[in-house]
Amino acid sequence: MTDANSHPLATQTVGAPLPSYLGGQFHLVSTGIGDAGNITVNAQEILRRADVVFGTSIR
């Protein structure tokens, strides 16, 4: 386990820019319930561009 004193970001000052590898975005996207047609066009586009998607099975 890493403690706060040994983590590289622990010494970063408030308001300082994040390192480039932490500059991504996080989106929570609802795909609707029950019917696949309930997903919005915006949600489809976000999912299409995502590097990683987490979800659950409907089985």
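Up top you'll find the structure we're talking about.
Keep in mind it's a predicted model, so treat the numbers as computed, not measured.

Trainee: For the overall build of the chain, give the residues involved together with the corresponding values.
Mentor: Along the chain, the regular secondary structure elements total one helix and zero strands. When each of the 59 residues of the chain is scored for burial, the buried share is 3%. Surface summary for the chain: the accessible area is close to 5900 Å², and the carbon and sulfur share equals 56%.

Trainee: How would you sum up a nonpolar patch on the surface? Please name residues and give values.
Mentor: Nonpolar side chains collect at one region of the surface, where Leu18, Tyr21 and Leu22 lie side by side and expose about 340 Å² of accessible area between them. With respect to the helices, strands and loops of the structure, leucine 22 is situated in the segment before helix H1 (41-49).

Each value, and the rule that gives it
Residues numbered from 1 in each chain as written. Predicted model: local features only at pLDDT ≥ 70, side-chain atom pairs only at ≥ 80, totals over all residues. Heavy atoms only, no water. Helix = DSSP H or I, 4+ residues; strand = E, 2+ residues; numbered from the N terminus. Buried < 20%, exposed > 50% of the residue type's maximum accessible area, 1.4 Å probe, protein only. Areas by Shrake-Rupley, 256 points an atom, 1.4 Å probe, with all protein chains shown as cover. Patch = residues over 30% accessible without salt bridge, like charges linked within 9 Å, V, L, I, M, F, W, Y side chains within 5 Å. Salt bridge = Lys/Arg side-chain N within 4 Å of Asp/Glu carboxyl O.

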